[in-house]
Amino acid sequence: MTLAVCPGSFDPIHNGHVEIITRATKIFSEGVIVAVAHNPQKKFSIPLQERVELVSEVFSWLDGVTVEPLETGLLAEFARSRGAAAILKGLRDEKDFLYEAPMATMNRNLAGVETVFLAGDPKHGHLSSSLIREVASLGGDVDDYLPRAVQRHLAQHPLARA
Ligand code: PNS
């Protein structure tokens, strides 16, 4: 396989994301573009530019990963414009699949881009950025679930209380 786009909010990126993207670099010979999404209808805890910088720092050691903001427009168009063969998504469970499957069909219909799902390692199955934000904002220790760059960022920029 060739190039994949892995989209997400990454607010913040956590070890479950890192595991999926790292594994994907062994499958996609031209690498993975991590597309960090902005959505004007959504309130993010970490601004877009900082999320892009954090994801870039997290993968600075790994050839084959590039990071771009996905600011406006359709993911399917973004993927097509980059020549990506696939959109990459990680699945934690069947609920993720039920949520993702309609978007996979829509993205294929929109731009002929396939979606490839990787099953996440069960050790990360309880992780989501929203749960991490909630626990962190209430003073809980979430370091075990986060790459070092994100640990440092949250230590310097604590999340507002949920
Ligand atoms: O990490 P998230 O918040 O679950 O990621 C959601 C994301 C960015 C994958 C989704 O919102 C998305 O695909 N946004 C791009 C806009 C788009 O193409 N929407 C139609 C999807 S079929």
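Shown above is the structure to which this text applies.
How each quantity is defined
Residues numbered from 1 in each chain as written. Predicted model: local features only at pLDDT ≥ 70, side-chain atom pairs only at ≥ 80, totals over all residues. Heavy atoms only, no water. Buried < 20%, exposed > 50% of the residue type's maximum accessible area, 1.4 Å probe, protein only. Helix = DSSP H or I, 4+ residues; strand = E, 2+ residues; numbered from the N terminus. Right-handed = clockwise from strand over helix to strand, strands pointing away. Pairing = 2+ DSSP bridges. Near = heavy atom within 4 Å. Polar contact = N/O pair within 3.5 Å; in protein donor to acceptor, adjacent residues only side chain to side chain. Nonpolar A, V, L, I, M, F, W, Y, C, P; charged D, E, K, R; others polar. Arc of directions from axis to C-beta. Contact = heavy atoms within 4.5 Å. Core = buried A, V, L, I, M, F, W, Y, C linked by side-chain atoms within 4.5 Å.

For strand S2 (residues 31–37), a buried count of seven out of seven residues is recorded, marking the element as mostly surrounded by other parts of the structure. Once the chain exits strand S1 (residues 3–8) it traverses helix H1 (residues 15–24) before rejoining the sheet at S2, and the crossover so formed is right-handed. With six bridges connecting them, S2 and strand S3 (residues 65–70) associate as parallel partners. Paired with Ile-33 across the strands is Thr-66, a residue of S3.

All residues in the neighbourhood of the ligand are listed as Pro-7, Gly-8, Ser-9, Ala-37, Lys-42, Gly-73, Leu-74, Leu-75, Met-103, Met-106 and Asn-107. Between the ligand and Ser-9 there is a distance of 2.5 Å, counted from an oxygen atom to a side-chain nitrogen or oxygen. Those elements that place two or more of their residues in the shell around the ligand are S1 and helix H4 (94–111). The dominant element in the shell around the ligand, judged by the number of residues it contributes, is H4, at three residues. Partitioning the shell around the ligand into residue classes produces six nonpolar, four polar and one charged.

Another point: helix H5 (residues 129–137). Because an α-helix completes one turn every 3.6 residues, residues spaced three or four positions apart along the sequence face the same direction. Within H5 the residues assigned to the buried category are Ser-129, Ile-132 and Ser-137. Taken end-on, H5 shows its buried residues confined to a sector of 120°, consistent with a single buried face. Where the residues of H5 are buried, they touch H1. Taken from the residues just after H5, Gly-139 is the one with a positive phi, measuring 95°.

Our next topic: the environment of His-124. Within the element layout of this structure, His-124 appears in the loop between strand S5 (114–119) and H5. Sequence-wise, His-124 and Tyr-145 are 21 residues apart; in three dimensions their C-alpha atoms are separated by 8.1 Å. Every residue in contact with His-124, bar those within four places of it in the chain, is listed here: Asn-15, Gly-16, Glu-19 and Arg-92.

Residue Pro-12 follows Asp-11 across a cis peptide bond; omega there is 5°. Within the secondary structure, Pro-12 is located in the loop between S1 and H1. Its identity as a non-glycine residue notwithstanding, Phe-10 has a phi of 50°, on the positive side. Looking at the secondary structure, you find Phe-10 in the loop between S1 and H1. The class of Phe-10 is buried, set by a relative accessible area of 4%.

Core analysis: the largest hydrophobic core is formed by 34 residues, its most contacted members being Val-34, Phe-59 and Leu-88. For this core, the secondary-structure elements that each account for two or more residues are S1, H1, S2, helix H2 (48–58), S3, strand S4 (86–91), S5 and helix H6 (148–156). At five residues, H2 tops the list of elements feeding residues into this core. Leaving out residues up to four positions away in the same chain, Phe-59 has contacts with Ile-13, Val-18, Ile-21, Thr-22 and Val-65. Listed in part, the 13 residues of the second largest apolar core include Leu-70, Ala-76, Ile-87 and Val-113.

Just distances and angles here, no functional claims.
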